[in-house]
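# Results of the structural survey
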Amino acid sequence: MRIVACTEGSFGKIEPFSLEMITAARMAGAAGDEVVAFFAGQDPEPAVTSLGAADRLVAASAGNTQLIAAESYARLLADTVAAEEPGLVLVPYSANGLDVAGDLAARTGWPLVSYVNEISRDGDWLAVVAQVYGGKILAECSVPLPAILMVNPGAFAEAERRAVDPSKLQHSDATPVVAEGKVRLVGVEVPNYDGVDLTTAERIVCVGRGIGDEASIDIARGLADILGAEIAGSRPVVDSGWLPKVRQVGKSGQKVKPKLYLALGVSGAPEHLEGMSKSDLIIAVNTDPKAPIFNVAHFGATCDLFDLVANLSERLQTGR
Amino acid sequence: MKILVVLRMIPDSAGELELTGDGRGIDREWLDFQLNDFDDHALEEAILLKEAAGATVVAVAIGEGSNRVLQMAVARGADEAIALEAEADGMIDSRAIAGSIVALARSKAADLVLCGVQSTEDLFGQLVPYAGARLGWPHVSGSSRLSIEASALRVTQERGGGIAATYEIALPAVIGVQTASKAPRYVSGSKLREASKTAMGKAASEPAGFERSAEIVALRLPGQRGTGENLGDNPENVADRLASILAAKGFAGV
Ligand SMILES: Cc1cc2nc3c(=O)[nH]c(=O)nc-3n(C[C@H](O)[C@H](O)[C@H](O)COP(=O)(O)OP(=O)(O)OC[C@H]3O[C@@H](n4cnc5c(N)ncnc54)[C@H](O)[C@@H]3O)c2cc1C
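I will try to describe carefully the structure that is included in this document.

Let's shift gears to the site of the ligand. Around the ligand, the structure places 30 residues, and the nearest of them are Ser234(A), Val249(A), Ser267(A), Glu271(A) and Asn286(A). More than one chain approaches the ligand, the contributing ones being chains A and B. Contacts to the ligand include Ser267(A), whose side-chain N or O atom sits 2.7 Å from an oxygen atom. Between the ligand and the protein, one listed contact pairs a nitrogen atom with a backbone N or O atom of Thr287(A) at 3.3 Å. A total of 990 Å² of accessible area belongs to the ligand in isolation, and the protein chains cover 87% of it.

Time to look at the pairing of strand 7 (residues 112–122) of chain A. Residues and elements named next belong to chain A. Taken together, the three bridges between strand 7 and strand 10 (residues 147–151) define a ladder with parallel strand orientation. The residue of strand 10 that forms the bridge with Val113 is Leu149. Judged from the six bridges that link them, strand 7 and strand 8 (residues 125–132) form a sheet pairing that is antiparallel. Across the sheet, the residue bridging to Arg121 is Leu126, located in strand 8.

As a further point, take the sheet that holds strand 11 (residues 215–220) of chain B. As summarised here, the arrangement of the 10 strands in space is 11(A)-5(A)-4(A)-1(A)-6(A)-10(A)-7(A)-8(A)-9(A)-11(B), forming an open sheet in which the pairing is mixed. Of all strands in the sheet, those bounded by a partner on one side alone are strand 11 (169–173) of chain A together with strand 11 of chain B. Between one strand and the next, the sheet's axes are offset by a mean angle of 25°, whatever the strand orientation. Bridging between strand 1 (residues 2–7) of chain A and strand 6 (residues 88–92) of chain A involves three bridges; their strand directions are parallel. Note that in strand 6 of chain A the partner of Val4(A) across the bridge is Val89(A). Contacting strand 6, strand 7 and strand 10 of chain A, helix 4 (residues 95–108) of chain A runs over the sheet at an angle of about 170° to strand 10 of chain A.

So, about the sheet that holds strand 15 (residues 260–264) of chain A. Here six strands make up an open sheet; going across it, the order is 14(A)-13(A)-15(A)-16(A)-17(A)-12(B) and the pairing parallel. Among the strands making up the open sheet, the edge pair consists of strand 14 (230–233) of chain A together with strand 12 (229–230) of chain B. Across two bridges, strand 17 (residues 299–301) of chain A lies against strand 12 of chain B in parallel orientation. Looking at the pairing, Gly300(A) lines up with Asn230(B) of strand 12 of chain B. In the packing of helix 6 (residues 217–227) of chain A onto the sheet, the strands contacted are strand 13 (203–207), strand 14 and strand 15 of chain A, and the crossing angle to strand 13 of chain A comes to about 170°. Packed on one face of the sheet, helix 6 (residues 235–248) of chain B meets strand 15, strand 16 (281–285) and strand 17 of chain A together with strand 12 of chain B and runs near 160° to strand 17 of chain A.

Right, let's get into the interface of chain A and chain B. The accessible area lost on association of the parts is a frequent measure of interface size. Listed per partner, the contact involves 86 residues of chain A and 89 residues of chain B. Summing the contributions of chain A and of chain B, the shared interface buries around 7400 Å²; its carbon and sulfur component is 55%. For the pair chain A and chain B, the number of links is eight salt bridges. Inspection of the region where chain A meets chain B yields 46 residue pairs in polar contact (both at pLDDT 80 or more). Examining the composition of the side of chain A that touches chain B, we find that nine residues originate from one element, helix 4 of chain A, more than from any other. Here the residues of the side of chain A that touches chain B are counted per class, giving 47 nonpolar, 17 polar and 22 charged. Relative to strand 8 (residues 164–170) of chain B, strand 12 (residues 183–189) of chain A runs antiparallel, the two being bridged by six bridges. For Leu185(A), the partnering residue across the bridge sits in strand 8 of chain B and is Tyr167(B).

Attention shifts here to the packing of helix 4 of chain A against helix 4 (residues 127–135) of chain B. How two helices sit against one another is set out by the angle between their axes and by the gap between those axes. In contact at an axis separation of 7 Å, helix 4 of chain A and helix 4 of chain B are set at 45° when each is read in the N-to-C sense. Relative to helix 4 of chain B, helix 4 of chain A is oriented oblique. Crossing hand, helix 4 of chain A versus helix 4 of chain B: right-handed. Side by side, helix 4 of chain A and helix 4 of chain B meet where Leu98(A), Asp99(A), Gly102(A), Asp103(A), Ala105(A), Ala106(A) and Arg107(A) of the first sit next to Val128(B), Pro129(B), Tyr130(B), Ala133(B) and Arg134(B) of the second. Taken together, the residues of the contact of helix 4 of chain A with helix 4 of chain B break down into seven nonpolar, one polar and four charged.

Residue and element names in this part refer to chain A. One pass over the full model with this rule turns up three aromatic pairs over all chains. Centre to centre, the rings of Phe38 and Tyr73 are 5.2 Å apart; their planes meet at 90°, and the pair counts as edge-to-face. One end of the pair, Phe38, is in strand 4 (residues 34–41); the other, Tyr73, is in helix 3 (residues 70–84), and 35 residues separate them in sequence. We note that Phe38, like Tyr73, is buried.

Residue and element names in this part refer to chain A. All chains considered together, the criterion is met by 38 salt bridges over all chains. A salt bridge links Arg161 to Glu158; the shortest N-O distance between them is 4.0 Å. According to the relative accessible area criterion, Glu158 is partly exposed, its value standing at 42%. We note a salt bridge from Glu230 to Arg247, for which the minimum N-O separation is 2.9 Å.

What follows covers the pairing of strand 14 of chain A. Residues and elements named next belong to chain A. For strand 13 and strand 14, the ladder comprises four bridges, and the chain directions are parallel. Within strand 14, the residue paired with Cys206 across the bridge is Ala232. Crossover strand 13 to strand 14 through helix 6 is right-handed.

About the criteria used
Residues numbered from 1 in each chain as written. Chains lettered and ligands numbered in written order. Predicted model: local features only at pLDDT ≥ 70, side-chain atom pairs only at ≥ 80, totals over all residues. Heavy atoms only, no water. Near = heavy atom within 4 Å. Polar contact = N/O pair within 3.5 Å; in protein donor to acceptor, adjacent residues only side chain to side chain. Areas by Shrake-Rupley, 256 points an atom, 1.4 Å probe, with all protein chains shown as cover. Pairing = 2+ DSSP bridges. Helix = DSSP H or I, 4+ residues; strand = E, 2+ residues; numbered from the N terminus. Axes fitted to C-alpha atoms, helices over the stretch in contact; angles between N-to-C directions. Contact = heavy atoms within 4.5 Å. Buried area = accessible area lost by both parts, 1.4 Å probe. Salt bridge = Lys/Arg side-chain N within 4 Å of Asp/Glu carboxyl O. Nonpolar A, V, L, I, M, F, W, Y, C, P; charged D, E, K, R; others polar. Parallel < 35°, antiparallel > 145°, perpendicular 65-115°, else oblique. Left-handed = near helix turned anticlockwise from the far one by under 90°. Phe/Tyr/Trp six-rings, centres within 6.5 Å; stacked < 30°, edge-to-face > 60°. Buried < 20%, exposed > 50% of the residue type's maximum accessible area, 1.4 Å probe, protein only. Right-handed = clockwise from strand over helix to strand, strands pointing away.

If you want it as structure tokens, here you go:
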């Protein structure tokens, strides 16, 4: 069987989950299977220099666009799938993957499972484990091949980063496909960090929706100050305008790896965990003992966050 | 312009979720159902577009409590409300309902379909790409801003790392909303009461149109609590323990 592993990269870098897709493809494959990495983007170079763990690389690039729209990515992938006739296509769960996976499933009629964490092969079928209900429940699914899986970033280890052998590279010009697209890129905004860079912070106090309202952010900020930590937030906190976007941790925010990550009132949805689960020391406070944040926390407490913050701030200040 | 907005009622993930006897579903008997958060943002974005550029908004709700949420949608500014028939007791599978949404988009002559970028029940794929591909319309998932400029739609999409891309798309299109341009508004009780007088339409479900799909073999709870230590629920004890853990690891002093 042939397996197509979709990869992504922009601004001269490959997304680390691209290497994870190659590992996932090997797990799903049997001896003799071929893993073909698929890349579409502005610049094929980072894919060519890092995706050598795949058996081949099919890369399409359009030099005149900073980011390739999912529409064009999906169209180029569909052409590759038609040419390669794979038994399985792995798509990363990313902003791009959200449009690409379902699009391919609708066009091919193939089964699709999203939010996949584990894959094993059972003849012409796959057994996969996927997350539902924000990671609170795992679904064991059986999937007839050919099929498409949308795989969670962080679920598989990164394959070794090495260059693709030139004889294993098939490169094409994506400019015509991008030009025909109905989704036209008109601008790219890069966040204004303004001196805030969570990715290099050593200590982070992150507040989730459990903080309740904007005024209460100051309570958490007080504890962050005592700890010498940066304050950060989950998506709903940032969406509500309580903290600026540069302070968002997770899939569409920053991926952080501090020495200390204290999560207050954060449920631990997969999209949040993706941005912080590799932190050295994770402490979580959440009144719901079943909150998925506890699956990655080194220490967890199920008390009210306000009671904890008040008590802990006092202990740390008085040194008692 | 006509906007079709899809509102899915899903179990409250913050509540206790229990499995059914056969282990293939969740016990829905005592569950609280609420509007999928992202769909709430999609509704808000639809109303904001109506206010800014003029539009007719058709709200389609599916699942337990649809009528209540349709009333809320009308109170917020939707012009028409339709309850879509759903399989009782099941997950709202986006792959399965895509056929119905496509049929409604066509019969209502919609120019724009808006719904949340995802739901916690769309295990078998997301509604936006399914509906977009089936309609043959362009689709973009994960929007954080929408506007109409010279009859084209401008969509800002959240990519990773805080990067945002803005696209221009000729309508018709399907958009998966992540965040509305403004936080969803509250509605007063009097507006809700007034909305309750609006007649609610009904739509029958259409076949999904897929021959082969994946299947759930079993649901289970994730392994309990990883390897972490549970410090309990007494805030004073927890604070004592954390203060000494932080001190031991060198975090207590700034
Ligand atoms: C494409 C995409 C990208 C996304 N990107 C991101 C991202 O970058 N970052 C991100 O965070 N999310 C992201 N999300 C959203 C994610 O799915 C979740 O919706 C979000 O992480 C939930 O945030 P939360 O934990 O703060 O809120 P909730 O899930 O509502 O959790 C709040 C928690 O607070 C607890 N709580 C309430 N009151 C108290 C109290 N007094 N004391 C203690 N605990 C309390 C509750 O038990 C609950 O567990 C993304 C989603 C999608 C689809």
